[in-house]
Amino acid sequence: MRTDLRARVLIEHNVSRETAEALDLYVAKLTRWQTVKNLVGPATLSEVWHRHVADALQLFALAPDAKRWLDLGSGAGIPGLILAIAGKGRPDFHVSLVESNARKCAFLSETARLTGAPVTVHNARIEATVNSLTGIDVVCARALAPLTQLLTWTEPLLTSGTVGLFPKGRDAAAELTEAEDAWTFTRDLIPSRTDSQARIVRVTSLSRVDP
Ligand SMILES: C[S@@+](CC[C@H](N)C(=O)[O-])C[C@H]1O[C@@H](n2cnc3c(N)ncnc32)[C@H](O)[C@@H]1O
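Model, not experiment: these values are computed from the prediction.

K.L.:
Please clarify how the overall build of the protein should be interpreted in this entry.
P.N.:
In terms of helices and strands, the protein carries seven helices and seven strands. For the protein, the α and β elements follow one another from N to C terminus as α-α-α-β-α-β-α-β-β-α-β-α-β-β. Compactness check: the protein gives a C-alpha radius of gyration of 16 Å against a globular reference of 17 Å for 211 residues, within 12% of the reference. Every one of the 211 residues in the protein was classed for burial, and the buried ones make up 40%. Contacts in the protein between residues far apart in sequence, at least 24 positions, make up 71% of those at least 6 positions apart.

If you want it as structure tokens, here you go:
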């Protein structure tokens, strides 16, 4: 079952053999750490290629030319570390990972070293870090916070030309409605390729609604 999912994901995302081997290292490391550190929902591990790897890789198609990525609340590196592993060969490609949990950062650093993924791991809180990060093409965050909170955290970036890509579940439309009370922005609601109920919210040109 797992092998079938792996093969399907690799074909669908046109993954090279070298990248597939690096993704295998990621999955093996995640599986090993999961037994003692509980990095992802235990029920999701048997479908890691679909639920995590493919879910991350689909973001590339939404910003194909982006080089400098920022992933907030990376956890076990989803989507940021997976994107970094897959984007490793691209010129000037780099992903900043922000994660407040030290043991998750240890996993991110060790796995990045093992796979050669071009990342910087920031063991820090988002609110203390975002202002110092510049030159970011895309900021993403999965399963972190409601859209209104994400826009508040990423305001310095999204008001300055950075694109936001936020994978969301079935409540994406409601989160958008709430966020539009406080912000104006250009947005697309893109169907997820891994979950028919889920959406990816793409946000650009953010500004605050006048009080
Ligand atoms: C539910 S997990 C999601 C992890 C990953 N993005 C995923 O989709 O599997 C949220 C992560 O965000 C981190 N986090 C929550 N609030 C944070 C903050 N203010 N600054 C940095 N990290 C934070 C948590 O430690 C946790 O690892």
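Moving on from the model shown.
K.L.:
Is there a simple way to explain the site of the ligand in this structure?
P.N.:
Around the ligand sit 17 residues, and of these Gly-73, Gly-75, Ser-100, Ile-126 and Arg-142 come closest. For the shell around the ligand, a count of residues per class yields seven nonpolar, five polar and five charged.

K.L.:
Can you help me understand the environment of Val-98 in this one?
P.N.:
The topology assignment puts Val-98 in strand S2 (residues 94-99). Residues Val-98 and Ala-141 lie 43 residues apart in sequence; the distance between their C-alpha atoms is 9.8 Å. When sequence neighbours within four positions are dropped, the list of residues in contact with Val-98 reads Leu-72, Ser-74, His-122, Ala-124, Ile-126 and Thr-129.

K.L.:
Teacher, can you tell me more about helix H6 (residues 147-158) here?
P.N.:
An α-helical turn contains 3.6 residues, so any two residues separated by three or four positions project in the same direction. The first and last C-alpha atoms of H6 sit only 13 Å apart over 12 residues, clearly below the 16 Å expected at 1.5 Å per residue. When H6 is considered as a whole, its buried residues turn out to be Leu-147, Leu-150, Leu-151, Trp-153, Thr-154, Leu-157 and Leu-158. The inward-facing, buried residues of H6 contact strand S1 (68-72), strand S4 (138-140), strand S5 (163-168), helix H7 (172-182), strand S6 (183-191) and strand S7 (199-208).

K.L.:
I'm lost on helix H2 (residues 17-37) in this one. Help?
P.N.:
When the terminal C-alpha atoms of H2 are compared, their 29 Å separation across 21 residues agrees well with the 30 Å that a helix rising 1.5 Å per residue should span. Residues of H2 that are buried: Ala-22, Leu-23, Tyr-26 and Leu-30. An end-on view of H2 places all buried positions within 100° of arc, on one side of the element. The outward face of H2, more than 90 degrees from its buried face, is lined by the exposed residues Arg-17, Glu-21, Ala-28, Arg-32, Thr-35 and Val-36. Of the surrounding secondary structure, the elements contacted by the buried residues of H2 are helix H3 (48-57), helix H4 (80-87) and helix H5 (102-115). Positive phi appears at Asn-38, one or two residues downstream of H2, with a value of about 50°.

K.L.:
Sorry if this is basic, but what is going on with the confidence of the model for the protein here?
P.N.:
On average, residues of the protein carry a pLDDT of 95, and 99% of them reach 70 or more. Predicted as a complex, the structure gets a pTM of 0.97 and an ipTM equal to 0.99.

K.L.:
Just checking my understanding: could you explain the nonpolar core for this structure?
P.N.:
Nonpolar side chains in soluble globular proteins generally cluster together in the buried interior. Membership of the largest hydrophobic core comes to 60 residues, with the highest contact counts inside it found for Val-53, Leu-81, Ile-82 and Ile-85. Residues in contact with Ile-82, not counting those within four places in the same chain, are Tyr-26, His-52, Val-53, Ala-56, Leu-57 and Gly-77.

K.L.:
Help me understand the UniProt feature "binding site: S-adenosyl-L-methionine" (unreviewed entry) in the protein, please; the structure alone is not making it clear to me.
P.N.:
The UniProt feature table records "binding site: S-adenosyl-L-methionine" (unreviewed entry) at Gly-73, Ile-126, Glu-127 and Arg-142. Within the secondary structure layout, Glu-127 lies in the loop between strand S3 (119-123) and S4. Within the secondary structure, Arg-142 is located in the loop between S4 and H6. Apart from residues lying up to four places away in sequence, Arg-142 is in contact with Ile-78, Pro-79 and Pro-167.

What counts and how
Here, residues in each chain are numbered from 1, in the same order as that chain's written sequence. A pLDDT threshold of at least 70 governs which residues receive local features in this predicted model, and a stricter bar of 80 or more applies before side-chain atom pairs are shown or counted, although totals over entire chains, interfaces and linings include all residues. Secondary structure elements are taken from DSSP: a helix is a run of H or I of four residues or more, a strand is a run of E of two residues or more, and numbering for both begins at the N terminus. As a reference, a globule follows 2.2 Å times the number of residues to the power 0.38, and the radius of gyration itself is taken over C-alpha atoms. Backbone-placed C-beta atoms define the burial measure: a residue is buried with 20 or more other C-beta atoms within 10 Å of its own, exposed with 12 or fewer, and partly exposed in between. Note on contacts: residues are paired as contacts if their backbone-placed C-beta atoms lie within 7 Å. Nearness rests on one distance test: the residue's C-beta atom, set from the backbone, must lie within 6 Å of the molecule or strand. As a working rule, the residues Ala, Val, Leu, Ile, Met, Phe, Trp, Tyr, Cys and Pro are called nonpolar, Asp, Glu, Lys and Arg charged, and the rest polar, with Gly in that last group. Multiply 1.5 Å by the residue count of a helix minus one, and that product is the helix's expected span. Relevant arc is that of directions from the helix axis to the C-beta atoms, nothing else. Confidence scores here are pLDDT values: one per residue, from the predictor, ranging 0 to 100. Only buried Ala, Val, Leu, Ile, Met, Phe, Trp, Tyr and Cys residues enter a nonpolar core, and they are joined through C-beta atoms within 7 Å. UniProt positions are given in the numbering used here, feature names are shortened, and annotations may be inferred rather than shown by experiment.

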